[in-house]
Amino acid sequence: MRKNHSAVCRVGTGAGMADDRVYPAVKLLEQVQLDYLVCECLAERTIARENLNRRKFPEHGYNPMLAERIQAMLPLCREKGVRLVTNMGAANPVAAAHAIRAEAEAVGVRNVSCAAVIGDDVTERVRAHPDLRLLDGGEPLESLLPRMISANAYLGADLVRDALDTGAEVVVTGRVADPSLFLGTLMHHHRWSYDDLTRVAAGIMAGHLLECSVQVTGGYFADPGRKDVPRLAETPYPYAEVTSDGRVWICKPEGSGGRLDRMTCAEQTLYEIHDPSRYITPDCVVDLCEVHFEEEGVDRVAVHGALARPRTESFKTVIGYSDGFIGSGEIAYAGINAVARARLAADVVRERFRIEGGVASEIQVDLIGIGALHGDPGDGSRPEPYEVRLRVAARCPDRRSAELLGDHVRQLNMQGPMAGGGPVNTGAREVIAVNSVLIPRDWVRPEIVTVGMAA
Amino acid sequence: MSERLLQTYPGNRVYDLAHTRSGDKGNTSNVAVIAYDEVSWERLRRHLTPERVLAAYAHLAQGPVTRYEVPRLQALNFVIENALAGGVTRSLRIDPHGKSLSAVMLSIELPPA
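The rules behind these values
Residues numbered from 1 in each chain as written. Chains lettered and ligands numbered in written order. Predicted model: local features only at pLDDT ≥ 70, side-chain atom pairs only at ≥ 80, totals over all residues. Helix = DSSP H or I, 4+ residues; strand = E, 2+ residues; numbered from the N terminus. Buried ≥ 20, exposed ≤ 12 C-beta atoms within 10 Å, placed from the backbone. Contact = placed C-beta atoms within 7 Å. Axes fitted to C-alpha atoms, helices over the stretch in contact; angles between N-to-C directions. Parallel < 35°, antiparallel > 145°, perpendicular 65-115°, else oblique. Left-handed = near helix turned anticlockwise from the far one by under 90°. Core = buried A, V, L, I, M, F, W, Y, C linked by C-beta atoms within 7 Å. Domains from an automatic or database assignment. Nonpolar A, V, L, I, M, F, W, Y, C, P; charged D, E, K, R; others polar. Pairing = 2+ DSSP bridges.

(A) Structural detail: the overall build of chain A. If you tally the helices and strands in chain A, you get twelve helices and 18 strands. Oriented by its inertia axes, the alpha-carbon framework of chain A measures out at about 70 × 55 × 45 Å. Burial status across chain A gives 53% buried among its 455 residues. Look at the contacts in chain A between residues 6 or more apart in sequence, and 75% of them connect residues 24 or more apart.

This is the structure in structure tokens:
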């Protein structure tokens, strides 16, 4: 492993969602000499789902793609001295650390040292405070308590820094805020402290631009003829170059596909932001209002102007809870009177579902081709298409009802209006919903657990 | 490429003036609207009001809609509450994240310049 900490730190993205592509991560490792690779793989509800998994199987509860990612990336990380930081630990970072060592071993990378960050799980602490207010809706937490699965605090970059300080090759966490995974590498590499607010702001800004992988390099952007992305199929994962004094460039490998410029950076800057003057992270409150970009070539953009105020006294904590089942099914109609047939089919499904004892608190009927994505304003502004696909979905208290709903849609090819094609029961799924609360910082007692470190 | 299209299509839709991206947090959608140029930015700032935006999303969202200005990026950020049918994890919609909702914004017609 390279021990000297260079004046320019290169941190790249290896994943931006739980099931993100692996191939571009390998290409990035091959093409650029990184210092750190960050894989952000943990959506809000995933951790609750993995908590349920862990209760059934105590050795599980981490990201299901862990084996595939580790086997693809670790040989290159070892060869090039790149340290991996990931939240693939989900509900069980220590088990994930053991799994990472085993998967690396399986592809010939021996004795990988890991540091697991634990302590984000505050389920029991939160359970004792039913008066906490839910951020979405404002109800007291009490209303969800009987159905609550887990509560996990969004930890900050200091834990990632501490974990890297142990010398481990791989840092694996549970719930750490996405941009904090990146800032943590910079706080470790450049020895920044929380008092260096300008640098902390720069590090979070870099993380925010990198955390959604290709969303800064041409993903989620193209509109043919209007906003073209060259070689969209080859959109690369991005990386940042960050100097010790906090200057930031967002980059993609030289000659790679995709697109990186002021437009892609501006879109990603405001992605999932509410008040741009108060972007709250566990590490600081960022003001994005003076952020601007300077294109220094097709593969490189300088980032300027991120400002920050000190972090707040609370941790945002995500609450996962059981919320029944959703069942759904689809079937398509085409030609003369297709839309009327689809509407009749929906009525038939509702009626049969009710007659046969199905229970639903809400049934949604979508006509794909008219208003499934953007709804139908009902003002005649949506012309009738040649073909339409009917989708019916229902929120049910029990799995049987959810399955029944999908079955009735599936059976429409014989049991419904004429000429329905491609029927499918898209299945019943158990719903794990999320909400959030704010908790005092001192309710959280994080720890670093090392696995496979030399004594 | 965008410059050429702007010159040949000086339209009044948001599509003609700006590019957009939507994101989600709970039951709230945010849609960023980023102007292609200074002239478009001034038109958007004047005419793309929260009221006009809420009207375009009225059949999808209850609101309220809050508008934030980011002059340095020539961008408006709209925060549309109660927009995701209960939120990403609960929604019965086919697009629970509202990933497609930025395209609603592009269809809004503004008064002629």
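(B) Structural context of the packing of helix α6 (residues 157-165) of chain A against helix α7 (residues 178-190) of chain A. Residue and element names in this part refer to chain A. It is at 7 Å that the axes of α6 and α7 come closest, and there the two elements cross at 50°. Our classification of the angle between α6 and α7 gives oblique. Helix-helix and strand crossings are classified by hand; for α6 and α7 the assignment is right-handed. Mapping the contact onto sequence places A157, V160, R161, L164 and D165 in α6 and S180, L181, L183, G184, T185, M187 and H188 in α7.

(C) Highlighting the nonpolar core. By size, the foremost hydrophobic cluster in this structure holds 147 residues, and its most contacted members are L37, I100 and M205 of chain A together with V33 of chain B. No other element matches helix α8 (residues 197-210) of chain A, which puts nine residues into this core. Built from parts of two domains, this core gets at least three residues from each of domain 1 (8-120 + 155-312) and domain 2 (319-435) of chain A. Core analysis: the next-biggest nonpolar cluster, separate from the first, contains 27 residues, A332, F353, V388 and A428 of chain A among them.

(D) Structural context of helix α2 (residues 46-56) of chain A. Buried within α2 of chain A are the following residues: T46, I47, A48, R49, E50 and N51 of chain A. Buried positions along α2 of chain A lie against β5 (148-153), β14 (314-334) and β17 (421-440) of chain A.

(E) How the structure looks around the interface of chain A and chain B. On the chain B side, the residues contacting the 40 residues of chain A number 31 residues. Mapped onto the side of chain A that touches chain B, the elements with two or more residues apiece are α9 (262-269), β14, β15 (362-368), β16 (387-396) and β17 of chain A. Tallied by class, the residues present in the side of chain A that touches chain B amount to 19 nonpolar, seven polar and 14 charged.

(F) Region of the structure containing the sheet that holds strand β3 (residues 65-70) of chain B. All names here are of chain B. Taken in spatial order, the four strands line up as β1-β2-β4-β3 in an open sheet, and their pairing is antiparallel. Looking at which strands have only one partner, the edges of the open sheet turn out to be β1 (18-25) and β3. The mean angle between the axes of side-by-side strands here comes to 20°, regardless of whether they run parallel or antiparallel. For β1 and strand β2 (residues 28-35), the ladder comprises eight bridges, and the chain directions are antiparallel. By the bridge assignment, G23 is partnered in β2 with N30. Packing of helix α3 (residues 38-47) onto the sheet brings it into contact with β1, β2, β3 and β4 (75-80), and relative to β2 it is tilted by some 140°.

(G) Structural detail: the domain arrangement of chain A. Under the domain assignment used here, chain A contains domain 1 (8-120 + 155-312) and domain 2 (319-435). Computed over C-alpha atoms only, the centres of domain 1 of chain A and domain 2 of chain A are separated by 38 Å.

(H) Focus on the pairing of strand β6 (residues 170-173) of chain A. Residues and elements named next belong to chain A. The two faces of β6 match: V170 and V172 on one face and V171 and T173 on the other face are all buried. Alignment of strand β3 (residues 83-86) against β6, held across three bridges, turns out to be parallel. Across the sheet, L84 pairs through a bridge with V170, a residue of β6. Summarising the sheet, strand β4 (residues 114-118) and β6 pair through four bridges and their orientation is parallel. Bridging across to β6, C114 finds its partner in V170.

(I) Local environment of the sheet that holds strand β11 (residues 292-295) of chain A. All names here are of chain A. What the ten strands build is an open sheet, ordered β11-β12-β8-β7-β1-β2-β3-β6-β4-β18; its pairing is mixed. Two strands lie at the open edges of the sheet, namely β11 and β18 (447-451), each paired on one side alone. Strand-to-strand twist across the sheet, computed as the mean angle between neighbouring axes with direction ignored, equals 25°. As defined by bridge partners, strand β8 (residues 248-251) adjoins strand β12 (residues 300-304) across four bridges and the pair is classed as antiparallel. Bridging from a neighbouring strand, V248 pairs with V303 of β12. Its contacts with the sheet put helix α1 (residues 23-31) on β1 (8-15), β2 (36-39) and β7 (239-243), and the angle it makes with β1 is roughly 160°. Along the sheet face, α7 touches β1, β2, β3 and β7 and points at about 155° away from the line of β1.

(J) View of the environment of E330 of chain A. All names here are of chain A. Summarising the element assignment, E330 is placed in strand β14. When the 21 C-beta atoms within 10 Å are taken as the criterion, E330 is described as buried. Along the sequence, E330 and A393 sit 63 residues apart, while their C-alpha atoms lie 9.0 Å from each other. Those residues in contact with E330, other than ones at most four positions away along the chain, are R389, L390, R391, V409, V424 and T426.

(K) Quick look at unusual backbone geometry. Cis geometry is found at the peptide bond from G63 of chain B to P64 of chain B, where omega equals 0°. Checked against the element boundaries, P64 of chain B lands in the loop between α4 (50-56) and β3. Backbone geometry places R191 of chain A, a non-glycine residue, at a positive phi of 55°. Among the secondary structure elements, R191 of chain A is positioned in the loop between α7 and α8. Even without being glycine, R231 of chain A reaches a positive phi, approximately 45°. Residue class for R231 of chain A comes out exposed when judged on the 12 C-beta atoms lying within 10 Å of it.

(L) Highlighting α7 of chain A. Of all 13 residues in α7 of chain A, 13 are buried, a share of seventy percent or more. Looking one or two residues past α7 of chain A, R191 of chain A carries a phi angle of roughly 55°, positive in sign.

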